[in-house]
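What the coordinates show
Chain by chain, the residues:
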Amino acid sequence: MSSRPPVPPPLSSPEAAAAIAPPARAAALPAAVIASPVSRDRLERWTAARVALGRAGSSLPTSVHLGFLHDHARARDAVWTAVDFDELTRRLGASGVVTAKVRSQASDRGEYLRRPDLGRLLEADAEATLSHRAGSGSARAVIVVADGLSAQAIQINSQAVIEALLPQLANAGVTVGPVVLVEQGRVAVGDPIAVALGAELAIVLIGERPGLSAADSLGCYLTWSPRPGTPDSRRNCISNIRAGGLAPAEAARKIAWLAAQALRRGVSGLALKDEAPPAQVEG
Amino acid sequence: MAPQTVCCGCDEPAMSHASTVDGTRWVFADLKDLLAKASPERSGDHLAGVAARSAIERFAAQQALADLPLRAFLSSEIVPYEDDEVTRLIVDSHDAAAFAPVASLTVGELREWLLSSLATASTLAALAPGLTPEMAAAVSKIMRLQDLAVVSAKCEVVTRFRDTLGLPGRLATRLQPNHPTDDSRGIAAALIDGLLLGAGDAVIGINPAGDSVADYVRIVTLLDDIRARLEIPTQTCCLGHVTTAIAAIERGAPVDLVFQSIAGSQKANAGFGVSLAVLREAFDAARSLRRGSVGNNAMYFETGQGAALSAEGHHGADQQTMEARAYGVARAFAPLIVNSVVGFIGPEYLYNGKQIQRAGLEDHFCGKLLGVPMGVDVCYTNHAEADQDDMDGLLTMLVVAGVTFVITVPGADDIMLNYQSLSHHDVLAIRELTGRRRAPEFEEWLRRSGLSDQTGALVESPAHAAGGALAKAVALLAEPEKSA
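Think of each chain on its own: its residues are numbered from 1, step by step along the sequence as written. Labels are handed out in written order, letters beginning with A for the chains and numbers beginning with 1 for the ligands. With the structure being a predicted model, the display of local features is reserved for residues of pLDDT at least 70 and the display and counting of side-chain atom pairs for 80 or more, all residues being used for whole-chain, interface and lining totals.

Right, let's get into the packing of helix 8 (residues 133–141) of chain B against helix 16 (residues 319–330) of chain B. Residue and element names in this part refer to chain B. Where helix 8 contacts helix 16, the two axes come as close as 8 Å, and the packing angle between them is 140 degrees. The angle between the axes of helix 8 and helix 16 places the two elements in the oblique class. For helix 8 against helix 16, the interelement crossing comes out right-handed. Every residue of helix 16 that contacts helix 8 at Pro 133, Glu 134, Ala 136 and Ala 137 is listed here: Gln 320, Thr 321, Ala 324, Arg 325, Tyr 327 and Gly 328. Think of it as three bins: nonpolar holds Ala, Val, Leu, Ile, Met, Phe, Trp, Tyr, Cys and Pro, charged holds Asp, Glu, Lys and Arg, and polar takes everything else, Gly as well. In the contact of helix 8 with helix 16, the residues fall into five nonpolar, three polar and two charged. Axis angles are defined between N-to-C directions and span 0 to 180 degrees, where every axis is a line fitted to C-alpha atoms and, for a helix, only to the segment in contact. Each helix corresponds to a stretch of at least 4 residues labelled H or I by DSSP, and each strand to a stretch of at least 2 residues labelled E; elements are numbered beginning at the N terminus. Working definition: roughly parallel below 35 degrees, roughly antiparallel above 145 degrees, roughly perpendicular at 65 to 115 degrees, and oblique for all remaining angles. Should the near helix be turned anticlockwise from the far one by less than a right angle, the crossing is termed left-handed; should it be turned clockwise, right-handed. Residue pairs are scored as contacts if the distance between their C-beta atoms, which are placed from the backbone, is within 7 Å.

Have a look at this one:
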């Protein structure tokens, strides 16, 4: 044990403090960093872009560089984390929401990313699972939750949207069957699901491609009379559903309005504009 | 030993595309199949079902392609002439006299010619109208990244509007100050930030969130106002649809460059809502304004591998060949700038950093070889297997290859399109590494404005520079907003 290296003095010791103390002339910025000629607050009040970053030589200051790495790491994890559908099933079940779970034909995340066509198709035995769970008598609409490109979007935001949406759909006379959860699903996987269940309207909640500023955005696509091969121009999209974006309760209000209109008028997509009345101010 | 034959199922055609590897004879159905199988691996060709199924099959195709005479490309169409106006444009505008010097070569011999001292800036420029996009794509498929860079670096494509782009030793940038709602102040703030970091000599260009004529007019008016007040020798652009631009020009809007996304087939272009006739109309409208001061190259095009497949307009061809055909469209309209948005399209077309890097170098090479002023949006999305390190490698290779321009955004984060392009800083760093300078007119403006020194390096405290552009620029943000 005598070969053990000497223990450095604790950081709080006077010797250590002297060794690491900055030179007296150091300013608030590290001397190597050149601040932006225009202060950050004068530009940042107008945009969320990464402006007035300053520079270290030609390159980014370390804090800015680390901030970017943080945001990218969050986005990468959103793409590559698997949604815990069992846990989501339990949470929804606890609120009395019945679910059915199926998979697309994409076998894993790598294949899902490479083969969007497979993410639009249901696995072989899914239709049997669905018709078994649906029981007798078909509902007019089906809510589908597909992982898409962000697990966080599903885990953080999907339950809130569904719980706000179900009573509003019921009020509008729109019947729904079990909520269908899809592993490795794309938007169009809602089409064969609706066909299997005999639903006239597919409401697909899906994790959006994460950006650096938000990795948990949920998207919602409504399609009247969905069937395989439906063009995107026949779908209505509500995007950026998250805290800090379109709040889940507000999104649910828009979805319910569009759902009722789509079923009443027999259209969706370009032929159906989002003209939901603004939310009532409470109090 | 008689070779074993692996065939696509066809009867071996009269003009055989075949080669023998280790005793196995590989036969390819036609030129389109040969080009697809010879393509270095990328996810989009698997998605389309046209990729080689093994490394040996890919090699067999590359070997057969290397032995193919260039003349074969003049009698074999990837997309039928009768069905496709892009093919008609390529075939009808082929310059047989320009082709003559290489007419007797095979694809493999063209590679050697391009790498040799016979290929110079002037001989390459003279050859460009004699090469078809398919020839350019073919030779690129048997070239390494280093080959692509060596040949691209010899190509010289110079274009002009308010400054001069593509001169040797130069590198320009598109300043892309996008905003998610096209807010005028938000655009202006990011624009000023980019100018302070020396960006914007290729173009100051906005991707609009909406595509209304009113928004287009507001955006180009804003950009032109800033450009004119600061007297910047550059050009501005709103990257709305070409028909929106035509409508804005009819309303008298200050339109410098007219933009359009284009692809390599009539059907894919129809997916973008354009035809050659519509592009011709836009070209005539843009040039009629004569807003350039040192030249009148008034078009800006974006392209990208996978665009044709995503529009189901690929006709069974590989995505890199279809991309080269888009340059065949571009060069008919004397553009100021063209860029591939290489990593923007996503992992189903280019899966990872390796595929994005290769595609970026291929696109730049094919564009330059065909005489197009080629830039690249060095970029990726968060669902691609790529990160900033991959972009550093791609940027460095492209700059060594003489890329005309790259796109830069604040902090590498485009908050409107939700993807990562380069930061303004990235280009400062590559200038430091390689000594590449900005367009001469813009370089002089930056120095005159007190933002850079004589060497082009940014000064640390431009606020102290007397009569500089900085105070004027910041004052713009303090003004009450004008209604459109």
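Now that the structure is up, let's keep going.
Residues and elements named next belong to chain B. Under the domain assignment used here, chain B contains domain 1 (4–66), domain 2 (70–143) and domain 3 (159–462). Taken together, the contact between domain 1 and domain 3 spans 12 residues of the former and 18 residues of the latter. Elements supplying a minimum of two residues to the side of domain 1 that touches domain 3: helix 1 (31–38) and helix 2 (43–47). Sort the elements by how many residues they give to the side of domain 1 that touches domain 3 and helix 2 lands first, with four residues. Tallied by class, residues from the side of domain 1 that touches domain 3 come to six nonpolar, three polar and three charged. Each domain's limits were defined by an automated method or a database of domain assignments.

Facing 34 residues of chain A, the contacting portion of chain B comprises 36 residues. Elements represented by at least two residues in the side of chain A that touches chain B include exactly helix 2 (40–44), helix 3 (62–80) and helix 5 (109–114) of chain A. Top element by residues in the side of chain A that touches chain B is helix 3 of chain A. It accounts for six residues. Partitioned by chemical class, the residues of the side of chain A that touches chain B number 20 nonpolar, seven polar and seven charged.

What follows covers the pairing of strand 3 (residues 24–28) of chain B. Summarising the sheet, strand 2 (residues 17–21) of chain B and strand 3 of chain B pair through five bridges and their orientation is antiparallel. Counterpart to B:Val21 in the pairing with strand 3 of chain B is B:Thr24. The pairing criterion is simple: DSSP has to find at least two bridges between the two strands.

Turning our eyes to something else, we now look at the sheet that holds strand 3 (residues 99–103) of chain A. Residues and elements named next belong to chain A. Read from one edge of the open sheet, six strands run 3-5-4-6-7-8, paired in mixed fashion. This sheet does not close on itself; its edge strands, each paired only once, are strand 3 and strand 8 (235–241). Strand after strand, the sheet turns through a mean of 20 degrees between neighbouring axes, direction not considered. Relative to strand 5 (residues 179–183), strand 4 (residues 141–146) runs parallel, the two being bridged by three bridges. For Val 144, the partnering residue across the bridge sits in strand 5 and is Val 180. Contacts between helix 10 (residues 248–265) and the sheet are confined to strand 4, strand 6 (201–207), strand 7 (218–224) and strand 8, with strand 7 contributing the most and set at about 10 degrees to the helix.

Residues and elements named next belong to chain B. Exposure classes come from backbone-placed C-beta atoms, where a residue is buried if 20 or more other C-beta atoms lie within 10 Å of its own, exposed if 12 or fewer do, and partly exposed in between. All of the buried residues along helix 12 (residues 242–250) are Val 242, Thr 244, Ala 245, Ala 248 and Ile 249. Buried residues of helix 12, seen end-on, are gathered within an arc of 155 degrees and therefore sit on one face of the element. Buried positions along helix 12 lie against helix 11 (213–230), strand 9 (258–261) and helix 14 (276–288). Directly beyond the C-terminal end of helix 12, a positive phi value near 85 degrees is found at Gly 252. Along the arc lie the directions from the helix axis toward the C-beta atoms.

This part takes up the packing of helix 18 (residues 388–400) of chain B against helix 19 (residues 424–434) of chain B. All names here are of chain B. Between helix 18 and helix 19, whose axes approach to 11 Å, the crossing angle comes to 50 degrees. Compared by their axis directions, helix 18 and helix 19 come out oblique. Once helix 18 is placed against helix 19, the crossing between them reads as right-handed. Between helix 18 and helix 19, the contacting residues are Leu 395, Thr 396 and Val 399 on the first element and Asp 426, Ile 430 and Thr 434 on the second. For the contact of helix 18 with helix 19, a count of residues per class yields three nonpolar, two polar and one charged.

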